[in-house]
Amino acid sequence: QVQLTESGGGLVQAGDSLRLSCSASRRFYTSAVVAWFRQAPGKEREFVALIRSFSRTTYADAVKDRFTISGGPGTNTVFLQMNSLRPEDTGVYYCAHSSSYGLDPHAYNYWGPGTQVTVSS
């Protein structure tokens, strides 16, 4: 079992940057998959980025080249560096853990409570 806690959210303007952190209660196993998801009001939770063993990463098309995920397996923290933020990036950002690769939130068994990111135009 692992507890996850996100931090770093806030209110920013379009074009600004934020760095989100996800702290775990123990070190992630090297086989773990750790991901960020986000959920905007009235919308379903969507995949943002994940990191797995050997620092392999996957990004949603909407954030590719703007967001960078780091940390994860072998450590107890995962970061999400978000640059060139847009109003459509607004939502609650969640950190999640899985023992297998996947982009579907149902594949993840541990979740943090989330941190709010609001991007004004």
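Residues numbered from 1 in each chain as written. Predicted model: local features only at pLDDT ≥ 70, side-chain atom pairs only at ≥ 80, totals over all residues. Heavy atoms only, no water.

1. A short note on the sheet that holds strand E7 (residues 67-71)
Stated formally: A pair of strands counts as paired when DSSP detects no fewer than two bridges linking them. Note on conventions: DSSP H or I runs of at least 4 residues are helices, E runs of at least 2 residues are strands, and numbering of each starts at the N terminus. For helices, the fitted axis covers only the stretch in contact; all axes are lines through C-alpha atoms, and the angles between them, taken along N-to-C directions, range from 0 to 180 degrees.
As summarised here, the arrangement of the 4 strands in space is E1-E3-E8-E7, forming an open sheet in which the pairing is antiparallel. Edge positions in the sheet fall to strand E1 (4-7) and E7, since each has one partner strand and no second. On average, each strand axis in the sheet is inclined to that of its neighbour by 15 degrees, with strand direction left out of account. By the bridge criterion, 5 bridges tie E7 to strand E8 (residues 77-82) in an arrangement that is antiparallel. For Ile69, the partnering residue across the bridge sits in E8 and is Leu80.

2. Structural notes on the pattern of salt bridges
Put simply, the rule is: Each salt bridge in this description consists of a side-chain nitrogen of Lys or Arg and a carboxyl oxygen of Asp or Glu lying within 4 Å of one another. Three exposure classes are used, based on accessible area relative to the maximum for each residue type with a 1.4 Å probe and protein chains only: buried under 20%, partly exposed in between, and exposed over 50%.
Evaluated as defined, the whole model comprises 4 salt bridges. Taking the shortest distance from any N to any O, the salt bridge between Arg38 and Asp89 comes out at 2.9 Å. With a gap of 51 residues between them, Arg38 in strand E4 (residues 33-39) and Asp89 in the loop between E8 and strand E9 (91-98) connect regions that are remote in the sequence. One exposure class covers both Arg38 and Asp89, and it is buried. Each of Arg38, Glu46, Arg66 and Asp89 takes part in one network of salt bridges that share partners.

Structural measurements only, silent on function.
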